[in-house]
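For reference, the chains in residue letters:
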Amino acid sequence: MKDRASRQPSLGTAAPPYTYVVEDCLGLLQVLSDGTVLRFSPPPFPAGAAYDDGRVEWQDAVYDAGNNLGVRMYRPTTRSGAGAAAEHNKKKKLLPVLVYFPGGGFCFGSYSYPKNHALCLRFAAELPAVVCSFDHRLAPEHRLPAAFEDAMAALLWLPGQVLRSPWLAGRADPGRVFVSGTSSGACIAHQMAARFGTAGLRPLEIAGYILLMPYFLSEEATPSELSTPETALLSRERSDRYVRLAMPAGWNKDHPLVNPFGPYSRPSLALAAADVGRVLVVAAECDLVRDKNLEYAQRMKALGKDVHLALFPGQEHAFCANKPLSAPADEVIRLIKRFII
């Protein structure tokens, strides 16, 4: 096939139009010069590994037909066997519900991504828990606050499923719901804490929130941002790209949705009087957003919230989602298991 850019126009004619890539997000999303948005499937993960070992069953459903948004629901199998899930089944206990919002800078990511699927399989089997992993609309086609609006719709959809659907009713504990996410998904989890607290989903009760390396930003660069190498999974260049693609027109990194304690936020009104239950914040030492994560935990504690902070030495941004079968991911799962008991 000929390269359109290499063809020479004849005299007296204009050069033929062509498009080129102006934004590229890890090969998963490209924006062309004419505004076209191209999306690509992530690679399979991991090649040949049997992480789906039969301990967990799952199915997909639609929670917002108008926007074609889905959820993948996981539950431990009822067959007998080894492990925590089998012990719960023997005792016929209801399982906690873990709501999970995957990351991706608000620009890409889905429950269907192989790494996210692997992580949620582990959550369901090893916590054990009923896991509901929700998609949301993506930027740049749908800039913020679209993702947060979709997350609210997802949580409002959940009570009817937990109480009445054949898939979840009788297996999920309506009194133990935990809302979680990684990276941008953890930003969503924070905003859901401000919106729903513990009692905003009655008759369900939200027992806590789990924020895994939340993608909190600020226009004022932090030491962890300044020290992040360009080779990092979340480099300054990539982070700035997500901001360009996802923020509402005219906004920067101080938007309240990504800087909850920034100059345009009013967290005291949203959070001070709210009962958000327990909050677990997981931060990574070698992460661009490490300092913002630590600041968030400190500010939440100053508001009187029950915050548990875990800093993982030597790890990069979203390490447990990027490497869901790794030893550090093992420790994150153990940490969450202790937190939700």
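Residues numbered from 1 in each chain as written. Predicted model: local features only at pLDDT ≥ 70, side-chain atom pairs only at ≥ 80, totals over all residues. Heavy atoms only, no water.

- An unreviewed UniProt entry annotates the protein chain as Alpha/beta hydrolase fold-3 domain-containing protein of Urochloa decumbens.

**A short note on helix H8 (residues 290-302)**
(1) Moving on: Helix length check: H8 (13 residues) gives 19 Å between terminal C-alpha atoms against 18 Å at 1.5 Å per residue, within 8%.
(2) Moving on: Those residues of H8 that fall on the buried side of the exposure criterion are Asp291, Lys292, Asn293, Tyr296, Ala297 and Met300.
(3) Moving on: Looking one or two places after H8, you find Gly304, whose phi comes out positive at around 90°. (Helix = DSSP H or I, 4+ residues; strand = E, 2+ residues; numbered from the N terminus. Expected span 1.5 Å × (residues − 1). Buried < 20%, exposed > 50% of the residue type's maximum accessible area, 1.4 Å probe, protein only.)

**Let's talk about the pairing of strand E6 (residues 95-101)**
(1) Moving on: Among the seven residues in E6, seven count as buried, and that is most of the element.
(2) Moving on: Across four bridges, the pairing between E6 and strand E7 (residues 130-134) is parallel. Of the residues in E7, the one forming a bridge with Val97 is Val130. (Pairing = 2+ DSSP bridges.)

**Here's the deal with the packing of aromatic side chains**
Any two aromatic rings considered together are summarised by their centre-to-centre distance and by the angle between their planes.
(1) Moving on: In total, this model carries 15 aromatic pairs according to the counting rule given.
(2) Moving on: Each residue in the set Phe106, Phe108, Phe148, Tyr215 and Tyr242 is aromatic and connected to the rest through ring pairs, giving one cluster.
(3) Moving on: Just above the ring of Trp167 sits the side chain of Arg75; from NZ or CZ to the centre is 3.7 Å. (Phe/Tyr/Trp six-rings, centres within 6.5 Å; stacked < 30°, edge-to-face > 60°. Lys NZ or Arg CZ within 6 Å of the ring centre and 35° of its normal.)

**What to know about the environment of Val21**
(1) Moving on: Tracing the backbone shows Val21 in strand E1 (residues 21-25).
(2) Moving on: Val21 sits in the partly exposed class, given a relative accessible area of 42%.
(3) Moving on: Separated by eleven residues in sequence, Val21 and Leu32 have C-alpha atoms that sit 4.4 Å apart.
(4) Moving on: Those residues in contact with Val21 that sit more than four places away from it in its chain are Gln30, Val31 and Leu32. (Contact = heavy atoms within 4.5 Å.)

**Digging into the sheet that holds strand E4 (residues 56-64)**
(1) Moving on: Ordered by their spatial adjacency, eight strands build an open sheet running E4-E5-E7-E6-E8-E9-E10-E11, and the pairing between neighbours is mixed. Strands at the two margins of the open sheet, each flanked by one partner only, are E4 and strand E11 (306-312). Between one strand axis and the next, the sheet turns through 20° on average, direction left out of account. (Axes fitted to C-alpha atoms, helices over the stretch in contact; angles between N-to-C directions.)

**Some words on the nonpolar core**
(1) Moving on: Core analysis: the biggest nonpolar cluster contains 70 residues, and Val99, Phe106, Phe134, Leu158, Val179, Tyr209 and Tyr215 have the highest contact counts within it.
(2) Moving on: Excluding its chain neighbours within four sequence positions, the residues that come into contact with Phe106 are His136, Leu138, Ala139, Leu144, Ala147, Phe148, Ser184, Cys187, Ile188, Tyr215, Ala246 and Val258.
(3) Moving on: Among the nonpolar cores identified, the runner-up in size contains 32 residues, and Leu119, Ala124, Val131 and Phe312 belong to it. (Core = buried A, V, L, I, M, F, W, Y, C linked by side-chain atoms within 4.5 Å.)

**Quick look at the pattern of salt bridges**
(1) Moving on: Counted under the stated rule, the structure contains 21 salt bridges.
(2) Moving on: Of the charged contacts in the structure, one is a salt bridge between Asp330 and Arg122, with a shortest N-O distance of 2.7 Å. In this pair, Asp330 is assigned in helix H10 (residues 327-340) and Arg122 in helix H2 (residues 114-126), connecting sequence segments 208 residues apart.
(3) Moving on: Accessibility expressed as a relative area gives 23% for Asp330, which makes it partly exposed.
(4) Moving on: Put simply, Lys292 and Glu295 hold a salt bridge, and the shortest N to O gap is 2.8 Å. Of the two residues, Lys292 and Glu295 are both situated in helix H8; the distance of three residues between them amounts to about one turn of the helix.
(5) Moving on: Given a relative accessible area of 25%, Glu295 falls into the partly exposed group.
(6) Moving on: Through salt bridges that share partners, Asp53, Arg55, Arg122, Glu126 and Asp330 make up one connected network. (Salt bridge = Lys/Arg side-chain N within 4 Å of Asp/Glu carboxyl O.)

**Quick word on the sheet that holds strand E2 (residues 29-32)**
(1) Moving on: The three strands lie next to each other as E1-E2-E3, forming an open sheet whose pairing is antiparallel. This sheet does not close on itself; its edge strands, each paired only once, are E1 and strand E3 (37-39). This sheet shows a mean twist of 15° between the axes of neighbouring strands, independent of strand direction.
(2) Moving on: Here helix H6 (residues 236-246) sits on the sheet in contact with E1 and E2, set at roughly 115° to E1.

**What about the UniProt feature "transmembrane region" (unreviewed entry) in the protein chain?**
(1) Moving on: UniProt feature "transmembrane region" (unreviewed entry): in the numbering of this structure it lies at residues 94-113.
(2) Moving on: Along residues 94-113, the helical share is 0% and the strand share 35%, with 28 Å between the first and last C-alpha atoms. (UniProt positions renumbered as here; feature names shortened; annotations may be inferred.)

**Details of the layout of surface pockets**
(1) Moving on: Taken as a whole, the largest pocket spans an internal volume of roughly 530 Å³.
(2) Moving on: For the largest pocket, the lining is made up of 25 residues, of which Leu26, Leu28, Phe108, Leu233 and Asn322 are closest to its centre.
(3) Moving on: The greatest single-element share of the lining of the largest pocket, amounting to three residues, is contributed by H2.
(4) Moving on: Looking at the lining of the largest pocket residue by residue, the class counts come to 15 nonpolar, nine polar and one charged. (1 Å grid on protein atoms, 1.4 Å probe; cavity = no way out; pocket = protein on both sides within 12 Å on 5 of 7 lines; lining within 4 Å. Points joined across faces, edges and corners; volume = space filled by probe spheres on them. Nonpolar A, V, L, I, M, F, W, Y, C, P; charged D, E, K, R; others polar.)

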